[in-house]
Amino acid sequence: MSTDTAPDRPREPAWVEHVMWWHVYPLGFVGADVRPDTPVDGRPVDHRLGGIEPWLDHVVDLGLNGLLLGPVFASSTHGYDTVDHFRIDPRLGDDADFDHLVAAAHERGVRVLLDGVFNHVGREHPAFRAVEEQGPDAPTAELFAIDWSGWSPGDDVPVGLFEGHDILVALDHERRATEDLVVEVMTHWLARGVDGWRLDAAYAVPATFWARVLPRVRERFPDAWFTGEVIHGDTAAFVRDSTIDSTTQYELWQGIWHGIADGNCFELAHAVERHDALLVAQAPSTFVGNHDVTRIASAVGERFAAHAAAVLFTVAGTPSVWAGDEYGWTGVKEERLGGDDAVRPEFPAVPPEPVELTHAYEALVALRRRNPWLHRAHTDVVHLTNTAIVLRTATAEHAVVTALNLADDPVDLPTAGATHVEAGGADVQNGTLRLQAGGWAVLAD
C-alpha cells in the first residue's frame, strides 16, 4: 500500500504518554495447569484470577500504572490456542473474577490491557470443530482459509497452521466474517472496562485486516490503544498501513541484552539509533523481558540487570516490565515442550520484600514518571567504547543522561551537560562522572 492511499491513523490516546505496564502471564502466575488432560468443556471453574489482585499495590509501589494481561480467554493449553473469546478461562475463573480484577486495578489508577490472539484459534474451537464435522457446508467455514479441492468427507481438513503448530488453526483475514468476529471480541471486552489490546502475532496478519478492524473499534472506543506484536520487518510501513498505535520493539530488546551480555556497547548503540528512527511513525512498545524470551537477569547476568532497565526507562517508547524482573528472577527460554515454563512461573501469594534491583526499578520508573516527554524524545549516543556508553535523551528544554560501565574497572565519562544523579550511582565533578566497576547511573540536568 503506497503512502498516498494509506488509511487514516489517529493519534495515540493521550493517556499512553504516561502509562508503563507490568506484564503478567495469568495462567502461570496463579499456578494453573498449562497442559491439562481434560477438554475445555469438562473443566470446573477454578477461581484463581484473584491471585493477581494482592500484587496490584506492588505495581503501584513500583510506580507503574498498567497491567498487561497475557491470555485470559478459554483455551486448550497455554492460552494462545483460544476456544472461546467471550469466556474467561475456567482455570482462571469466570466473568465475575475478571470484573473484580479490572475494578481493583482501576481503583488504583492502573489501566488494563488484554492479549488478543486473532491470527489463529485452537483446534478445540467450536467454529473449527464444526468445519471438521460438516466440511465446507459448515456455517463457520468462511472463518478459515481452506482449499477444499480434492477433499472428501472423512479427510482431514486442509487448513492453514500458524508457524507449523498443529494445535493452532489460522483464520482467514480476507473474509468479513473474521473481521466481524474480531471487532465483536474487542468491543465486548472494551465495554467491560479494559483499556486496549496487545495484538498477538500481529506480524502474521495482513496490515489491511487491522486497517479494517481498528477504525470500527475506535468508532465506539476512541480512547482505546492497540499495540501489535511485530518481530521483524518494516515496522514504519506496518504501522502506517495497519493504523495500529504501536509495535513491540524486539530489535531494541535484542540490542540491549546482547550488547550488555557480550560487553559490546557498539551493538547497543546501533540498536538505540535504529530505535530512534522509528519515532517518526510511532512510540514503540519497549521491554527487556516478556513471556517469550529468557529473563533479562539470565540473559545479561544479575550484575547487569539494572543496566538494561536503565536503558529501557530512558529511551522513547511505552515501556513494560515483565513481572518478576524487578526482583532479578531468572529463567531461560528453551525450544521444547514446556520450554516457556521457567520464564512463566507461579508467583507467591504476596509480593516478597524489595531487593536492591527493585529499588533501582522504583527510581527509574519515578524518573520516567517525572519526565513524560521521554515517551517520544530522541536519543543521541554521546560517548562509546566497547564497555562504556553514554546516552542523552532530550528535547529542547530537558535532558536525561544514561551512563553504563560494563568493565571491571572504574571509568570516567562525560556528563553531557547533566548535573545530578537520579538513579544508580556516580561521582559527578566538573562535567565528568565516575562510574565504579560494573556501575551505571542516570542523570538529569
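Attention in this report is confined to the structure presented alongside it. As the structure is a prediction and not an experimental result, all values here were calculated from the model. (Residues numbered from 1 in each chain as written. Predicted model: local features only at pLDDT ≥ 70, side-chain atom pairs only at ≥ 80, totals over all residues. Heavy atoms only, no water.)

1. Some words on the pattern of salt bridges
Argument step 1. Throughout the structure, instances matching the rule amount to 31 salt bridges.
Argument step 2. Across the pair Arg 129 and Glu 124 runs a salt bridge whose closest N-O atoms are separated by 3.9 Å.
Argument step 3. Residue Arg 129 is classed as partly exposed on the basis of its relative accessible area of 38%.
Argument step 4. Taking the relative accessible area as the measure of exposure, Glu 124 reaches 24% and is therefore partly exposed.
Argument step 5. Between Arg 175 and Glu 142 there is a salt bridge, with its nearest N and O atoms 3.8 Å apart. (Salt bridge = Lys/Arg side-chain N within 4 Å of Asp/Glu carboxyl O. Buried < 20%, exposed > 50% of the residue type's maximum accessible area, 1.4 Å probe, protein only.)

2. Considering unusual backbone geometry
Argument step 1. Look at Ala 201: it is not a glycine, yet its phi comes out positive at around 50°.
Argument step 2. Its identity as a non-glycine residue notwithstanding, Ala 416 has a phi of 55°, on the positive side.
Argument step 3. Structurally, Ala 416 can be placed in the loop between strand 17 (411-414) and strand 18 (420-424).
Argument step 4. A relative accessible area of 27% places Ala 416 in the partly exposed class. (Helix = DSSP H or I, 4+ residues; strand = E, 2+ residues; numbered from the N terminus.)

3. A word on the packing of helix 8 (residues 250-261) against helix 9 (residues 265-277)
Argument step 1. Contact geometry for helix 8 and helix 9: axes closest at 8 Å, N-to-C directions at 165°. If you check the angle between helix 8 and helix 9, you find them roughly antiparallel. Like other packed secondary-structure pairs, helix 8 and helix 9 cross with a definite hand, here left-handed. Across from Glu 251, Leu 252, Gln 254, Gly 255, Ile 256, His 258 and Gly 259 in helix 8, the residues of helix 9 making contact are Cys 265, Glu 267, Leu 268, Ala 271, Val 272, Arg 274 and His 275. (Axes fitted to C-alpha atoms, helices over the stretch in contact; angles between N-to-C directions. Parallel < 35°, antiparallel > 145°, perpendicular 65-115°, else oblique. Left-handed = near helix turned anticlockwise from the far one by under 90°. Contact = heavy atoms within 4.5 Å.)

4. Digging into the sheet that holds strand 18
Argument step 1. Pairing in this open sheet of five strands is antiparallel, and the strands run 14-15-16-21-18 from one edge to the other. Since the sheet does not close on itself, it has two edges, and those belong to strand 14 (378-384) and strand 18, each with one partner. In this sheet, adjacent strand axes meet at a mean angle of 25° when their direction is disregarded.
Argument step 2. The sheet contact formed by strand 18 and strand 21 (residues 440-444) spans four bridges and is antiparallel. Along strand 21, the bridge assignment pairs Ala 423 with Val 442.
Argument step 3. Strands strand 14, strand 15 (388-394) and strand 16 (399-405) of the sheet are contacted by helix 9, whose axis makes an angle of about 160° with strand 14. (Pairing = 2+ DSSP bridges.)

5. Digging into empty space enclosed by the protein
Argument step 1. All told, the structure shown has three cavities of 30 Å³ or more when counted by the stated rule.
Argument step 2. One number sums up the size of the largest cavity: a volume of about 160 Å³.
Argument step 3. Forming the boundary of the largest cavity are 18 residues, of which Leu 68, Arg 198, Thr 248, Ser 285 and Ser 320 lie nearest the centre.
Argument step 4. Residue assignment for the lining of the largest cavity shows that the elements contributing at least two residues are strand 1 (21-24), strand 10 (225-228), strand 12 (285-287) and strand 13 (318-322).
Argument step 5. If you tally residues by element for the lining of the largest cavity, the top one is strand 12, at three residues.
Argument step 6. In the lining of the largest cavity, the residues fall into six nonpolar, 10 polar and two charged.
Argument step 7. Around the second largest cavity sit Val 16, Glu 17, His 18, Val 19, Met 20, Gly 317, Thr 318, Pro 319, Arg 368, Arg 369, Pro 372 and His 375, which together line it.
Argument step 8. When residues of the lining of the second largest cavity are traced back to their parent elements, those giving at least two are strand 13 and helix 12 (356-370). (1 Å grid on protein atoms, 1.4 Å probe; cavity = no way out; pocket = protein on both sides within 12 Å on 5 of 7 lines; lining within 4 Å. Points joined across faces, edges and corners; volume = space filled by probe spheres on them. Nonpolar A, V, L, I, M, F, W, Y, C, P; charged D, E, K, R; others polar.)

6. Let's talk about the pairing of strand 5 (residues 111-116)
Argument step 1. By the criterion of burial, strand 5 is predominantly enclosed, with five of the six residues buried.
Argument step 2. Two elements, strand 2 (residues 66-69) and strand 5, share four bridges in a ladder whose sense is parallel. Its bridge partner being in strand 5, Leu 67 is matched across the sheet by Val 112.
Argument step 3. Two strands pair when backbone bridges link them, and strand 5 and strand 9 (residues 196-199) are joined in this way by four bridges, in the parallel orientation. Note that in strand 9 the partner of Leu 113 across the bridge is Gly 196.

Spatial relationships are all this shows, so hold off on functional conclusions.
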